[in-house]
Amino acid sequence: MLPAESVLAFLDHLDACGRKASTRNLRLTALRSLCRHLLRQDPLHAGQYQRVLSLPSKKEQTPVVTYLEPEEVRVLLRQPDRRKRAEARDHALLLFLYNTGARISEALAVRRSDLQLARPYQVQLRGKGRKNRICPLWSETAKAMKRLLEDRPAAGDDHVFTSARGTALSRDGADYILQKHLRRAGAEELPVLRRKHVTPHVMRHSCACALLQAGVDLSVIRDLPRPTRASRPPPGTRRPTST
């Protein structure tokens, strides 16, 4: 038997410990599943289990989505000094994230063989659940990727985005790159960036918002990244000519 009073006491304990509403709701969902099973096995206490099943979930506060406006992205992309190899990599990574709307894990997993840097420019991304997909690249992005790879041996299938040691760039490394150039942009050109909490995933949100502002259907943006003729490069870049 599972009394509803005991379940309520447990949920109140979670609240008292400062757990988020999402955590509380997950625990309640698990207990409801247990009660549905017990209903079939122990019908004599069906009333108790029904009371647990009727307990309401706690409302969760919808988080505010942070994203960068196209003008802010343009300023950010201007920060890396592309005459330096390391910062040419930084520029390529930031531009790639904004162009494709890829998750940071997908971007860092890209290998040379995933890129097609002859027209039509595109990249194969490996998503969650082994869902591979092809995403178009702007000509500006393809140019940045070509420069990134031009000094590397043609043989092999190494990661595109690498550290100074030549190993695959880590999530922490990607975040360090982003924060470095955000600080520059906030200090020199756009102070508003100092007040924004920007992570690599925010570049994905920024891509989605740019597509939405460009008039792309929300159902297409929801399944980002997908090829779409309406996708646009950031201000100051040129759209690749279709072939």
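By convention here, each chain's residues receive numbers from 1 onward along its written sequence. Confidence filtering applies because this is a predicted model: local features only for residues at pLDDT of at least 70, side-chain atom pairs given and counted only at 80 or more, and all residues used for totals across whole chains, interfaces and linings. With hydrogens and water set aside, each side-chain value is computed from the structure's full complement of heavy atoms.

Draft legend 1. Spatial organisation of the overall build of the protein. We count a stretch as a helix when DSSP gives it H or I for four or more residues in a row; a strand needs E for two or more, and each element gets its number in order from the N terminus. Looking only at helices and strands, the protein features 10 helices and three strands. Helices and strands in the protein line up, N terminus first, as α-α-α-α-α-α-β-β-β-α-α-α-α. Each residue's exposure class comes from its accessible area (1.4 Å probe, protein chains only) as a fraction of the maximum for that residue type: buried when under 20%, exposed when over 50%, partly exposed otherwise. When burial is assessed residue by residue, the protein has 44% of its 243 residues classed as buried. Contacts are assigned to residue pairs with any non-hydrogen atoms lying within 4.5 Å of each other. Counting only contacts in the protein whose residues sit at least 6 apart along the sequence, the fraction spanning at least 24 positions is 62%. Looking at the protein as shown, the accessible area adds up to about 14200 Å², and 52% of this sits on carbon and sulfur atoms. To measure how exposed things are, a 1.4 Å probe is used in the Shrake-Rupley method; for residues, cover is taken only from the protein chains shown.

Draft legend 2. Representation of the packing of helix H5 (residues 85-100) against helix H7 (residues 139-149) within the structure. In this analysis an axis means a line fitted to C-alpha atoms, helices contributing only their contacting stretch, and an angle means the value between N-to-C directions, from 0 to 180 degrees. Look at H5 against H7: their axes get within 9 Å of each other, and the N-to-C directions meet at 145 degrees. Where H5 crosses over H7, the two elements pack in a sense that is left-handed. In this structure, H5 uses Arg-85, Ala-88, Arg-89, His-91, Ala-92, Leu-95, Phe-96 and Asn-99 to contact H7, whose residues at the interface are Glu-140, Thr-141, Ala-144, Met-145, Arg-147 and Leu-148. Charged means Asp, Glu, Lys or Arg here, nonpolar means Ala, Val, Leu, Ile, Met, Phe, Trp, Tyr, Cys or Pro, and polar covers whatever is left, Gly included. Residues that form the contact of H5 with H7 fall into these classes: seven nonpolar, three polar and four charged. Less than a right angle of anticlockwise turn of the near helix away from the far helix marks a crossing as left-handed, whereas a clockwise turn marks it as right-handed.

Draft legend 3. Quick peek at helix H4 (residues 70-77). By the burial criterion, the buried members of H4 are Glu-72, Val-73, Val-75, Leu-76 and Leu-77. Of the surrounding elements, those touching the buried residues of H4 are H5, helix H8 (171-188) and helix H9 (200-213).

Draft legend 4. Layout of the sheet that holds strand E3 (residues 132-136). Pairing within the open sheet is antiparallel, and its three strands lie in the order E1-E2-E3. The open sheet has two edge strands with one neighbour each: strand E1 (115-116) and E3. Two strands are said to pair when DSSP picks up at least two bridges between them. In terms of strand pairing, E1 meets strand E2 (residues 122-126) through two bridges, oriented antiparallel. Its bridge partner lying in E2, Gln-116 is registered against Gln-122.

Draft legend 5. Seen up close, the packing of aromatic side chains. Aromatic rings from Phe, Tyr and Trp, with only the six-membered ring used for Trp, were paired whenever their centres fell within 6.5 Å, and each pair was classed as stacked if the ring planes differed by under 30 degrees, edge-to-face if by over 60, and tilted otherwise. Applying the stated criterion across every chain yields a total of two aromatic pairs. For the pair Phe-96 and Phe-161, a centre-to-centre distance of 5.6 Å together with 65 degrees between the ring planes defines the contact as edge-to-face. One end of the pair, Phe-96, is in helix H5; the other, Phe-161, is in the loop between H7 and H8, with 65 residues separating them in the sequence. Taken as a pair, Phe-96 and Phe-161 share a single burial class, namely buried. Taken together, a centroid distance of 6.1 Å and an interplanar angle of 65 degrees make the contact between Tyr-98 and Trp-138 edge-to-face.

Draft legend 6. Highlighting the nonpolar core. Working definition of a nonpolar core: buried Ala, Val, Leu, Ile, Met, Phe, Trp, Tyr and Cys residues. They are joined through side-chain atoms within 4.5 Å. In this structure, Leu-68, Phe-96, Leu-115, Val-123, Met-145, Val-160 and Phe-161 are the most contacted members of the largest nonpolar core, which totals 47 residues. Listed by contribution, the elements that provide at least two residues to this core are H4, H5, helix H6 (104-108), E2, H7, H8 and H9. The greatest single-element share of this core, amounting to seven residues, is contributed by H5. Not counting chain neighbours up to four residues away, the residues in contact with Val-123 comprise Phe-96, Thr-100, Val-110, Asp-114, Leu-115, Arg-133, Ile-134, Cys-135 and Leu-137.

Draft legend 7. Expanded view of the environment of Leu-8. Tracing the backbone shows Leu-8 in helix H1 (residues 4-16). A relative accessible area of 37% means that Leu-8 is categorised as partly exposed. For the pair Leu-8 and Leu-28, spaced 20 residues apart in the sequence, the C-alpha separation amounts to 9.5 Å.

Draft legend 8. Quick peek at the pairing of E2. Here E2 shows one buried face, formed by Val-123 and Leu-125, and one open face, formed by Gln-122, Gln-124 and Arg-126. Counting the residues that bridge the hairpin from E1 to E2 gives five residues. Here five bridges tie E2 to E3, and the two strands are oriented antiparallel to one another. Paired with Val-123 across the strands is Cys-135, a residue of E3. A loop of five residues connects E2 with E3, the two strands running antiparallel in sequence, and Gly-129 in this loop sits at a positive phi of about 65 degrees.

Draft legend 9. Quick look at the layout of surface pockets. Here the second largest pocket is characterised by a volume of approximately 340 Å³. Cavities and pockets are found on a 1 Å grid laid over the protein atoms alone: a cavity is a set of points where a 1.4 Å probe fits but cannot escape, a pocket is an open set with protein on both sides within 12 Å along at least five of seven lines, and a lining residue has an atom within 4 Å of such a point. Taken together, 20 residues line the second largest pocket, and the ones lying closest to its centre are Arg-89, Thr-162, Ser-163, Ala-164 and Leu-169. Secondary-structure elements contributing two or more residues to the lining of the second largest pocket are H5 and H8. Across the lining of the second largest pocket, the residue classes tally to seven nonpolar, six polar and seven charged. Grid points are joined across faces, edges and corners, and a volume is the space filled by probe spheres set on the points.

None of this, on its own, says anything about what the molecule does.
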